[in-house]
Amino acid sequence: MMTPDAPLLSVQDLVVSYGNIKALRGISFEVHEGEIVTLIGANGAGKSTTLRAISGLIPIEDGRIIFDGKDLRAYPPHRIVELGISHAPEGRGIFGTLTVMENLKLATYARRDKDEIQKDYRRVFDLFPRLEERKNQIAGTLSGGEQQMLAVGRALMTRGRLMLLDEPSMGLAPILVQEIFRVLQEINQAGTTILLVEQNAHMALQVASRGYVLETGSITVQGTTQALTKDPKVKEAYLGG
Amino acid sequence: MRFIIQQTLNALQLGSVYALIALGYTMVYGILRMINFAHGDIFMVSTYLGFFVASFLLGWALHLPMAVIFVLTLLLAMFGTSLLAVFIERVAYKPLRQAPRISAVITALGVGLFLENFTLATIGPEPRILPQVVPVINFNIGGVAVSSIQILILAISALVMFILDTIVRRTMTGMAMRAISFDKTVVPLMGIPVDRIISITFALGSSMAAVGGVLYGIAYMMDPYMGIRIGWWAFISAVVGGIGNIRGAMIGGYILGFVEIFVAAFLPSTYRDFVAFALLLLLLVFKPTGILGMPVVEQKV
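Cut-off values and rules
Residues numbered from 1 in each chain as written. Chains lettered and ligands numbered in written order. Predicted model: local features only at pLDDT ≥ 70, side-chain atom pairs only at ≥ 80, totals over all residues. Heavy atoms only, no water. Phe/Tyr/Trp six-rings, centres within 6.5 Å; stacked < 30°, edge-to-face > 60°. Helix = DSSP H or I, 4+ residues; strand = E, 2+ residues; numbered from the N terminus. Buried < 20%, exposed > 50% of the residue type's maximum accessible area, 1.4 Å probe, protein only. Pairing = 2+ DSSP bridges. Axes fitted to C-alpha atoms, helices over the stretch in contact; angles between N-to-C directions. Contact = heavy atoms within 4.5 Å.

Here we take up the packing of aromatic side chains. Residue and element names in this part refer to chain B. If you walk through the whole model with that rule in mind, you get 16 aromatic pairs over all chains. The interplanar angle of 15 degrees and the centroid separation of 5.8 Å between the aromatic rings of Tyr18 and Trp233 together place this pair among those described as stacked. Here Tyr18 is found in helix 1 (residues 2-32), whereas its partner Trp233 is found in helix 8 (residues 226-241), with 215 residues between them in sequence. Exposure class is identical for Tyr18 and Trp233. Each is buried. With a centroid separation of 5.9 Å and an interplanar angle of 45 degrees, the aromatic rings of Phe37 and Trp232 are classed as tilted. Of this pair, Phe37 sits in the loop between helix 1 and helix 2 (39-59) while Trp232 sits in helix 8, and the two are 195 residues apart along the sequence. Overall, Trp232 belongs to the partly exposed group, its relative accessible area being 41%. Ring-pair connections join several aromatic residues into one group, and the members of that group are Phe3, Phe258, Phe262 and Phe266.

Right under this line is the structure:
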């Protein structure tokens, strides 16, 4: 099993290709229990690909992904969720023809702990009161912000120890972005480790403790968020100078 | 007027069978975006399964009450047909899931031809009828002839369709089926084994066809080619109702039942297919997605 200071997630020399195109060229990074770690980078740098590889949605060409001492390559995607990885995917991925409540319920498919599930619904509705107001509404009719809340709420309902979040700020008004990030910090303080992928480096570096910069499939800069915010290269490329 | 009521009953009876089969086409299309062209022949096999189960149970010297034999025939035909459909999906369709869609469609046609010719070779081409497992009682209600078989077909069809509709709307599995139909890529992230849901879909769809098969067998003659003809009408039912939509398939089935019976009642019977397909084309011109169909949103690959 894990030694006390072993990382919760360890990605080692990960290579992923789409046909002949190398999307990830051997990246390595770690996420420790209790952290918020961010992967920042431009569009097409390989951020979503990284999360999809962790969740087992795309095949790994080379390298390893170790979660909680287990090599994830041996598990199909739905089992990876059961191991404790929640994933709110790029573009939110809510089921538009289902109601809000049905979306949340589906995320408990693999769970058998009925009482805890009820507590988790309560928790999601406390974090996002809007979702409770709209729980019988068809999810496709929600606004972008509400859909993002649902995507995060659904990830919470799978109750992972590690939550992968793919661009939660995308397409949202600044005030909603603030709101979502406030909730993410709350979720983290309650004990969930977070790996956050963002184009909005400003917000990501504010909430995370460490970060990695991904450029065309390679990690070019890494460090604490304090160090990253001062790094001239990061400043120029991602924080608007 | 009596004639109309009589024909309406006949139309409902035939429509029930079309609706039950149409469900299998529409459910598989809903989650795989694939037309399972073997489904009509799976329906045919289910009728023969019912035939053998009923013959066996009747021949068995246990003297089971008829109602028990009928229910057992229905359940065993459903079970056997589900196994067959799930097996076909595993060995013939699953390996082609990443292949171009046309490959799976051609494979399905091949599977259908196989089932048909296998039945032809092993059982023979002569038409058969299910041994009598339902006492035939004829009622005369105001000059309209109603048989116990007719009532049974209408009632059982309505019951199993109601159960299926409830499964799809209320259970976790049903929700997962609807989620896969909307966006398959995200479903595994909910901890849902997509392959298992696909198997359950095939099992449910083919069970419905088996109910249709046994009910068909107690009312009409069976032969190895029935899967093509009935299957086509059921497939068109699914399209008319809006393929991918479960209630649409039910409605479509009854519409096709009415078209077939009433065209044959008022026009020479050779006009039947011609009029039915002409109506279908007309409907598709004005409502390309069928009656309850939604515009198809292409999934992200």
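Once you've had a look at it, read on.
With that out of the way, let us pick up the sheet that holds strand 6 (residues 85-88) of chain A. Residues and elements named next belong to chain A. The six strands are arranged 6-7-8-3-9-10 in an open sheet whose pairing can be described as mixed. Whereas interior strands pair on both sides, the edge strands pair on one side only; in this sheet they are strand 6 and strand 10 (218-224). Neighbour-to-neighbour, the strand axes of the sheet open up by a mean angle of 15 degrees, direction not taken into account. Where helix 7 (residues 174-189) meets the sheet, it contacts strand 3 (36-40), strand 7 (162-166) and strand 8 (193-198), and its direction lies at approximately 155 degrees from that of strand 8.

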